[in-house]
Amino acid sequence: MFETITKHVRENSVVRFLLSHLIILLAALLICAVGFRSAFVIVRNDVLDSTMFAMTQAVSSVDNGLTELRTLGMQTARSESIYRLENLRHTDDNYYQNIIRAINEYYQRMLYYSPNWVNNTFIYLNSMDRVIYNCAVYAPDIFSGYLLEWGDDAALWQAVCTDDNRAPFFCKLGGQDIYYGIPSSRLMSSKTGTVFFRIDSDWLEEKFSFLEQYNGYSLFVLDDDNGGVCLYSHDDLSLADSLPEDWLTAQGTWNSGNDLVLHLAGSDSLGLSYLLVLPEQQAMRQLNTLRNQMLFLIFAAVVLGTAVSLYFSVRRGRPVNEIARALQAADGAVNTDLNLISSAVSQLVQDNTHLLQEQAADRPALQTAFYHNLLKSNFVSRPEMEYMAQRAGIELTDKTYCAAVLRLFPGIDIDAIDGQTVEDAKVLQQAISAYVDELCVRPVHNYKRNTLETLYMFEIQDQEKLLGVLHRVAAWLHEQYHVEAHWGVGTPCDDLMQFWKSAEEAAAAQHDADGGTAVQVYGSQLGARDGYYFPYVVEERLTQSLSAGDAKAVEDVLSLLQTENFVRRSLNRSRMRQLNRRIVEILSAQTGVIVEENADLMALNELAFDYKGDCEPYFERLNTLCQALCSEVTQQKNARRSENVKAIEEYIRKNYHNPNLGLAMVSAEFNLSEGYLSAIFKKETGTNFAEYLEQLRVKAACVLLQDGCKVSDLPERLGYNSIQSFRRAFKRVMGVSPSEYRG
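Starting from 1, residues in each chain are numbered consecutively following that chain's sequence as written. Side-chain atom pairs in this predicted model are given and counted only at pLDDT of 80 or more, local residue features only at pLDDT of at least 70, and totals for whole chains, interfaces and linings cover all residues. Note: side-chain values were computed over all heavy atoms of the structure, leaving out hydrogens and water.

Draft legend 1. Fine view of the overall build of the protein chain. Counting its regular elements, the protein chain contains 27 helices and 16 strands. Total accessible area computed for the protein chain in this model is approximately 40500 Å², and 52% of it derives from carbon and sulfur atoms. A run of DSSP states H or I qualifies as a helix once it reaches four residues; a run of E qualifies as a strand once it reaches two. Both are numbered from the N-terminal end. Accessibility throughout is a Shrake-Rupley quantity obtained with a 1.4 Å probe, and a residue counts as covered only by protein chains that appear here.

In structure tokens form, the structure reads like this:
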């Protein structure tokens, strides 16, 4: 069995490739598994820290509120007006005045300083056996009616009032709310009264609202100064009757079975502690979700990796197996063991070396074809030219080229040559090409434009050296064959896609050469016989620039036309009118109106008609018109952009509650790229997309909070995925938390 497997591994390249791929895949998965495990530990600790931090913040907020309430109660209990009532009897002369003064002072203090989470506040006076509440004085049996309305036990309340406890205390009187009592007494004297605050239990619920993200939890607020009595509980886990003793005494965070327990002590002056119990599954649900996702991804990676490994193993191994079988079929003595087959493959490569040699032999032909097409201006696009250059093995970078046109027998009209002249020209052109190759270090390419004209392409570093070579060729022709010839030389270019321009310039320079000039360089004054300058490529550039609203590009094109036609040439009025006619046709097509209906175009026609050698007024008027057209195109683009942004803003206002709303969703809706949408939105509104959406959602949250909506209900209604992300966004925009904003 082992020998069979070993043989398959030795002789089957598919199995070899597959094993190597699987080993690499396994190693990568092991590394990922170790990394994921470390990441899970870090995330778990981060979740614990986040929960502890949120719990600490909530406890601190509750303690701060109760401490402020304690201060208010002690100020009230120790007020002079309350002390005056200590020995007051209803038969005293100033009885009613003192009562009214105490009520007013108490009412004003509570009106301005009592927080909104205190449902009710009242004072019990021991010496008078009376209760001050709601700007009135009540007998205890009458006041008991209010306690019954609040769901509390009057007997428990009276027991609390009559004990001799002179320290502030918390208690429950049978209902859901917590009472905070602040006794009133002078130094070394018995208790004279008690200020009671009835605390709304919903306030505590709101302070710990971050726990709403968990489906089930138990929270207990314990009075440690009163033996750990539970003052408040949210007991989804039904633990109130079975809390372990060690949970009540220990502090910190620990795991108990499947539960996560947090026990935090509050302020020492209040004597409260806070016990939170979370099921491990709930506390770590995000981590568990992440773990499940990672396991699924690892499983998917294994399946996909195995499939991809098998695919590439078959794709790469099958040809090797076929080669081995072919070698075995051709020569039975060949060993198909892959460890030993390399010698047979080497022999095969040697036997097919002639194929590579043939490819190398074809390269000169490909190079000749490339330069032939280039000289004939057959390349219509840069990718086409670069592809053909790559096939021919030609480097296109860091080279400078120059075109030169040679005209034999300049005194003979091309339409009147005879057969003998044709034969002479053919022989001379071959001789000239050979002599040029002898004089030049770098390769020279040529193309026969007609019987008497040949276009040469030179790779140069210095144009002056090229001119020297051309003068030598002209002198050699005169001395050896007594033949006159004229050279026209174009402007050097670094881009082969622009070589056509150098070739046209060389042809123009050659046509302008007179009998006394053997080499004519383009750039000197040209005669009017050459016509006006406005090649197709310049016309296309002008049209494209106008359509794009590119004022700088239009200005460059007009400057080129002015230089070529009125500096390097001297156009007469007829040529000027012909040039103007083509320009006006382009502008008419761009504006979409006929010439006779456009005053600016008619003005150009008049300037061309009245042309007397000064082209400045014409080109000033033309440039002004083109700049206006570019400005109009730009304004139209800006208007369309503003309309798009307004539509986008309206779409955001209608869909801001969608949690999936983002750049991707909006760009897909309006058929724009995310980058373009982000750029135009920032330019039009002055703020980026994410900030705009966040501000819109927070403003909506402010309205809902003012209408009494719960904080826990807002994330889902506003498009947030969690209450934490909503709170962070609200704090970022408003500077306060949602609860603080609502007050």
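Don't stop here, the text continues.
Draft legend 2. Seen up close, the side chain of serine 201. Within the secondary structure, serine 201 is located in helix α7 (residues 201–207). With residues up to four places along the chain from it excluded, the contact list for serine 201 reads Gln176, Asp177 and Tyr232. Note on contacts: a residue pair is in contact if any heavy atoms of the two residues lie within 4.5 Å.

Draft legend 3. Region of interest: the sheet that holds strand β4 (residues 169–171). At least two bridges found by DSSP between two strands are what make those strands a pair. With antiparallel pairing, the six strands of this open sheet are ordered in space as β3-β2-β1-β6-β5-β4. Both edges of this open sheet fall to β3 (136–138) and β4, since each of them pairs with a single strand only. For this sheet, the mean inter-axis angle between neighbouring strands, taken without regard to orientation, is 25°. Across three bridges, the pairing between β4 and strand β5 (residues 178–184) is antiparallel. Of the residues in β5, the one forming a bridge with phenylalanine 170 is tyrosine 180. For helices, the fitted line uses only the C-alpha atoms of the stretch in contact; every axis is such a line through C-alpha atoms, and the angle between N-to-C directions lies from 0 to 180 degrees.

Draft legend 4. View of the sheet that holds strand β11 (residues 272–279). Taken together, the five strands give an open sheet; going across it, the order is β8-β7-β11-β10-β9, and neighbouring strands pair in antiparallel fashion. Here the strands that pair on one side only, and so sit at the sheet edges, are β8 (229–235) and β9 (252–256). Mean inter-strand twist for the sheet, computed between neighbouring axes without regard to direction, equals 15°. Inspection of the sheet shows strand β7 (residues 218–223) paired to β11 by six bridges, in the antiparallel sense. Residue pairing across strands places valine 221 opposite tyrosine 274, the latter belonging to β11.

Draft legend 5. The arrangement of the pairing of β7 in detail. Burial here depends on accessible area, computed with a 1.4 Å probe over protein chains only, as a share of the maximum for the residue type. Under 20% is buried, over 50% is exposed, and the range in between is partly exposed. Buried residues dominate β7, accounting for six of its six residues. Side chains of β7 alternate between two faces, with Ser218, Phe220 and Leu222 and Leu219, Val221 and Asp223 buried alike. In terms of strand pairing, β7 meets β8 through six bridges, oriented antiparallel. If you follow leucine 222 over to β8, its bridge partner there is cysteine 230. The turn linking β7 back onto β8 is made up of five residues, and glycine 227 within it adopts a positive phi angle of 75°.

Draft legend 6. Representation of unusual backbone geometry in the model. A positive phi angle is found at asparagine 134, which is not glycine, with a value near 55°. Tracing the backbone shows asparagine 134 in the loop between β2 (130–133) and β3. Positioned with a positive phi, asparagine 671 is a non-glycine residue whose angle comes to about 55°. Here asparagine 671 shows up in the loop between α22 (663–670) and α23 (674–685).

Draft legend 7. Representation of the nonpolar core. Formed by 49 residues in total, the largest nonpolar core has its most connected members in Met55, Leu66, Phe170, Phe197, Ile199 and Phe208. Counting residues per element, this core draws most heavily on helix α2 (residues 13–77), which supplies nine residues. If sequence neighbours within four positions are ignored, leucine 66 has contacts with Trp117, Phe170, Tyr180, Ile199, Trp203, Leu270 and Leu272. Throughout, nonpolar core names a set of buried Ala, Val, Leu, Ile, Met, Phe, Trp, Tyr and Cys residues whose side chains join them through atoms within 4.5 Å. Core analysis: the next-biggest nonpolar cluster, separate from the first, contains 30 residues, Ala425, Leu439, Trp476 and Val483 among them.

Draft legend 8. Quick look at the packing of helix α19 (residues 573–591) against helix α21 (residues 616–655). Running from amino to carboxyl end, α19 crosses α21 at an angle of 15°, the nearest separation of the two axes being 12 Å. With respect to α21, the element α19 is oriented roughly parallel. Between α19 and α21 lies a crossing whose hand is left-handed. Residues Met576, Asn580, Ile583, Leu587 and Thr591 of α19 form the contact with α21, whose own contacting residues are Tyr618, Leu622, Leu625, Cys626 and Leu629. These descriptions rest on fixed angle ranges, namely under 35 degrees for roughly parallel, over 145 for roughly antiparallel, 65 to 115 for roughly perpendicular, and the rest for oblique. Definitions for this section: a left-handed crossing has its near helix turned counterclockwise from the far helix by less than a right angle. A right-handed crossing has that turn clockwise.

Draft legend 9. How the structure looks around a nonpolar patch on the surface. Side chains of Tyr107, Leu111, Tyr112 and Tyr113 sit close together on the surface and give an oily, nonpolar patch of about 510 Å² of accessible area. Residue position: tyrosine 112 is located in helix α4 (residues 95–113). Patches draw on residues past 30% relative accessible area with no salt bridge. Two like charges within 9 Å are joined, as are two nonpolar side chains (Val, Leu, Ile, Met, Phe, Trp, Tyr) within 5 Å. Salt-bridge detection follows one rule: a side-chain nitrogen of Lys or Arg within 4 Å of a carboxyl oxygen of Asp or Glu.

Draft legend 10. Examining the pattern of salt bridges more closely. Across all of its chains, the model carries ten salt bridges by this definition. For the salt bridge of aspartate 177 with arginine 198, the shortest nitrogen-to-oxygen distance reads 2.8 Å. Placement of aspartate 177 in the loop between β4 and β5 and of arginine 198 in strand β6 (residues 193–199) is noted, with a sequence separation of 21 residues between them. Aspartate 177 gets classed as buried once you look at its relative accessible area, which sits at 8%. A salt bridge links glutamate 650 to lysine 654; its shortest N-O distance comes to 4.0 Å. One end of the pair is glutamate 650 and the other is lysine 654, both in helix α21 and four residues apart, which spans about a single turn. The partly exposed category is assigned to glutamate 650, whose relative accessible area is 34%.

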